[in-house]
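What the coordinates show
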Amino acid sequence: MSNIVSVVSQNEVAVITINNPPVNALSAEVRSGLLDALTQAQADKSIFAIVIQCEGRTFIAGADIKEFGQTPKLPHLPDVVLAIANSSVPIIAALHGSVLGGGFEIALACQYRVGLKGTTLGLPEVNLGLIPGAGGTQLLPRVLGLSKAMNMIITGKSIKLPDTADNALVHAVTDSDVLACALEFSHTFVKSSGGQKLNNKIVEQDDAEDIKQHALKNLVSKRKGQTAPLKALEAIMYTTQYSLEEGMKKSRKLFLECRDSPQSAAMRYAFFAEKKAQKPKLPSISAPLKNIEKVTVIGAGTMGAGIAMCLLASGLSVYLLEINAENLERGMSYIKNTLSSSVKKGRISEQQAFEQLARLTGTTEYSSIADSHLVIEAAFESMVVKQDIFAKLEATVSTECILASNTSYLDIDEIAYVVTHKSRVIGLHFFSPAHIMKLLEIVKTKHTDTNVISSCMAFAKTIKKQAALVGMCYGFVGNRMYASYGREANFLLLEGCSPEQIDKALVDFGMAMGPLAVNDMSGIDIGYKARKENPNLSVDPAYFLAANLLVDSGRLGQKTGSGFYAYDEKLNRTSDPIVMDIFKNAAQKLNIVPQSYTSEEISERLVLALINEGANILQESIAENAEVIDTIWLNGYGFPRYYGGPMFYAQQLGWKYVKEKLLALHQQTGKDWWKPSTYIDSLL
Ligand code: CAA
């Protein structure tokens, strides 16, 4: 018997306990320990039931993801699941924490499940480019029916145990001791009933084909470009044709295809990359982290209001400060309307909306925010405006209060120039809409204190954001790389590609939206103003010329009804031949020769621009590692997760290939930015 799986007999019930911190993942040792424990328990004739429970913060949270990609070790999980399903002694799973993936499959194979209120149950394998590999696709439809099972498996979304056991998923719910609940359930119910047999029959539902078509249209289609959801659907449909054991065998084959696919390798990498980004290497500190409960947001525009809503949803108290009553009222109304629409859509309850608003205080007076623990400035992108705000903050809040700017590109050291205690100044760069987008770029300056950085990393977790710590440079990591990507889109316009052609190429590659449609949505004038304020960015006459010409002709994007595209009142996009004339004239003046490009050439050029800039960022140590960059691109810019992020994608392409392509582009264009980063040489 292994140390991490133990079995004790308690009043005629065998209690098997798994203790494999941190999340009781199903390593080879746990799998073999479980089989041994089952054999031992089943051999004891005084036992009438077996309980499987876990030590620590959670029941089994899944297969051990670190084992994928290594030589598989026996016993395989499906064999453990089948041993449980076929047990002659009834088994009760005692659930708490996160019952996910293989953990949920183990629980589904048990004849009974009891759980702690609030326990999360789910099959999130699609998020790792996988399908449930140990019978989840065969067991769940037999418990919940085809439709609900498809919904859970294809979306990968979990459900939370309610107060009472109200479906076939759990047979008893407790809000105190789950082992005690399992033992009581064994004695009061299992002993007298003698246990039930697991349902291993073929699922017979007349509407099976309709449910499948509905899932294809509404669930699979939302995971564009991913192969696992389709395979999951195929596996779930096996339940309508095959017995449990046959279906498990066939679905295992699909699981193995997914496990060995580049998509799953990338998505598993992304899982660990995001964890790594949350744990930057920082000097150890003895002082406790700063307590952040009261937060001021300065600026009630779209960004400020979005940040305020994100903080309110996380239970924090928020002051929203504006320069005048009119701006404040606009921001407050926006927040109220968004909350009330969330209530209407059933996303939050009326009570939750009420509680959130009760924690929001609008003000135009700096004196009312004096007790803030953190201030996030989200005002107009102007150094003068921001320095004025920071000077006022210095005179208002305590020296313990963290002062953060949400600037997208300004030099935060320069903003901090007006502050005496510069070590408490930091960048907290949210992405719009801030209450929805996952990413928070945390920007350290020359002076930022380690405790302030660590406190902000912890704060990101509180507000359920994915943190990525970066250093100071123009545009930080995300926007600096985005500029190189947009730069190439602009050059391609001058070389004769249409906006549709460019956007389609990037959407086909897997980006959520094309770069020019995004620019129209966010406003072409924003980058234009930033470039005007920073004339040193590039001396190349064609640098963002296409975008600049549109702004000069009053085409600022969706807000003016025209930009790279034309828009109707409902913001439906159509192509506009005028823009191609504008670009053609400009290209002729600069002697740029029109060329024709395939979709693959277009997307490769934009992605290579990202990769080279990312490599420069690593060379300059602006990001600690490639995982930070990939985390930023996955969570802030819609880079396809099944490619892992631009740096992982480069590694999959091969750095030698990337370098050759960059050298070719450098030779072809003569532009310095195509010189392969010296960081790439360090990888060859
Ligand atoms: N395998 C290996 N390591 C895992 C793991 C897993 N399934 N789940 C979590 N971990 C590790 C994390 O990497 C982290 O390690 P470090 O401390 O070294 O960074 C540690 O456990 C704690 O994880 P979190 O920081 O994420 O802790 P949390 O409390 O915020 O979240 C959790 C806990 C909800 C379980 C979350 O970790 C999670 O969602 N894990 C993944 C669950 C999952 O996808 N399960 C399905 C696996 S695939 C499968 O099971 C296939 C199959 O059908 C056989």
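Residues numbered from 1 in each chain as written. Predicted model: local features only at pLDDT ≥ 70, side-chain atom pairs only at ≥ 80, totals over all residues. Heavy atoms only, no water.

Within an unreviewed UniProt entry, the label attached to the chain reads 3-hydroxyacyl-CoA dehydrogenase, and the organism entered is Pseudoalteromonas gelatinilytica. The UniProt entry for the chain carries this comment under Subcellular location (unreviewed entry): "Peroxisome". UniProt's Pathway (unreviewed entry) comment on the chain is quoted here verbatim: "Lipid metabolism; fatty acid beta-oxidation." (UniProt positions renumbered as here; feature names shortened; annotations may be inferred.)

Here we come to the site of the ligand. The local shell around the ligand holds 25 residues, among which Arg57, Ala63, Glu125, Lys275 and Lys279 are the closest. In the environment of the ligand, a nitrogen atom lies 2.8 Å from a nitrogen or oxygen atom belonging to the backbone of Ala63. Of all the elements, helix H10 (residues 262–277) adds the most residues to the shell around the ligand, at three residues. Of the residues in the shell around the ligand, the class split is 13 nonpolar, five polar and seven charged. (Near = heavy atom within 4 Å. Polar contact = N/O pair within 3.5 Å; in protein donor to acceptor, adjacent residues only side chain to side chain. Helix = DSSP H or I, 4+ residues; strand = E, 2+ residues; numbered from the N terminus. Nonpolar A, V, L, I, M, F, W, Y, C, P; charged D, E, K, R; others polar.)

Attention now moves to the environment of Asp672. Mapped onto the fold, Asp672 is located in the loop between helix H26 (655–669) and helix H27 (678–683). Separated by 509 residues in sequence, Asp672 and Asp163 have C-alpha atoms that sit 63 Å apart.

Below, the discussion takes up the sheet that holds strand S11 (residues 317–321). An order of S12-S11-S10-S13-S14-S15-S16-S17 is seen for the eight strands of this open sheet, with the pairing classed as mixed. Single-partner strands in this sheet number two, and they are strand S12 (360–363) and strand S17 (466–470). Strand-to-strand twist across the sheet, computed as the mean angle between neighbouring axes with direction ignored, equals 25°. Here strand S10 (residues 294–298) runs beside strand S13 (residues 374–377); their pairing, made up of four bridges, is parallel. Bridge pairing links Val297 to Ile376 in S13. Packed onto the sheet, helix H12 (residues 325–344) meets S11 and S12 and runs at close to 160° relative to S12. (Pairing = 2+ DSSP bridges. Axes fitted to C-alpha atoms, helices over the stretch in contact; angles between N-to-C directions. Contact = heavy atoms within 4.5 Å.)

Structurally, Thr137 can be placed in helix H4 (residues 136–144). Classification of Thr137 by relative accessible area gives buried; the value is 0%. Aside from chain neighbours lying at most four places away, what touches Thr137 is Pro132, Ile153, Ala232, Ala235, Ile236, Thr239 and Ser251. (Buried < 20%, exposed > 50% of the residue type's maximum accessible area, 1.4 Å probe, protein only.)

This paragraph deals with the UniProt feature "domain: 3-hydroxyacyl-CoA dehydrogenase NAD binding" (unreviewed entry) in the chain. Listed under "domain: 3-hydroxyacyl-CoA dehydrogenase NAD binding" (unreviewed entry) in the UniProt record, and renumbered for this structure, are residues 294–470. When the span residues 294–470 is considered, its composition is 41% helix and 21% strand, and the gap between its end C-alpha atoms is 25 Å.

Bringing the nonpolar core into the picture now. Counting residues in hydrophobic clusters, the biggest one holds 91 residues, and the most contacted among them are Leu403, Val477, Ile502, Phe564, Ile629, Ile632 and Trp633. Of the residues forming this core, the biggest block, 10 residues, is contributed by helix H23 (residues 599–619). Apart from residues lying up to four places away in sequence, Val477 is in contact with Glu441, Val470, Ile617, Ile622, Ala623, Ile629 and Ile632. Val5, Ile106, Leu161 and Leu254 belong to the second-largest nonpolar core, a separate cluster that totals 76 residues. (Core = buried A, V, L, I, M, F, W, Y, C linked by side-chain atoms within 4.5 Å.)

Let us look at a positive patch on the surface. Residues Arg57, Lys275, Lys279 and Lys461 make up a contiguous surface patch of positive charge. The residue Lys461 is located in helix H16 (residues 450–462) in this model. (Patch = residues over 30% accessible without salt bridge, like charges linked within 9 Å, V, L, I, M, F, W, Y side chains within 5 Å. Areas by Shrake-Rupley, 256 points an atom, 1.4 Å probe, with all protein chains shown as cover. Salt bridge = Lys/Arg side-chain N within 4 Å of Asp/Glu carboxyl O. Lys, Arg positive; Asp, Glu negative; His and termini not counted. Charge placed at Lys NZ, Arg CZ, Asp CG, Glu CD.)

What follows deals with helix H2 (residues 77–85). Of all nine residues making up H2, seven are buried, and the element is well covered by its neighbours. Here H2 has its buried residues at Leu77, Pro78, Val80, Val81, Leu82, Ile84 and Ala85. Tucked into the core, H2 has its buried residues touching helix H1 (28–43), strand S3 (49–54), strand S4 (91–95), helix H3 (102–109), H4 and helix H9 (244–259).

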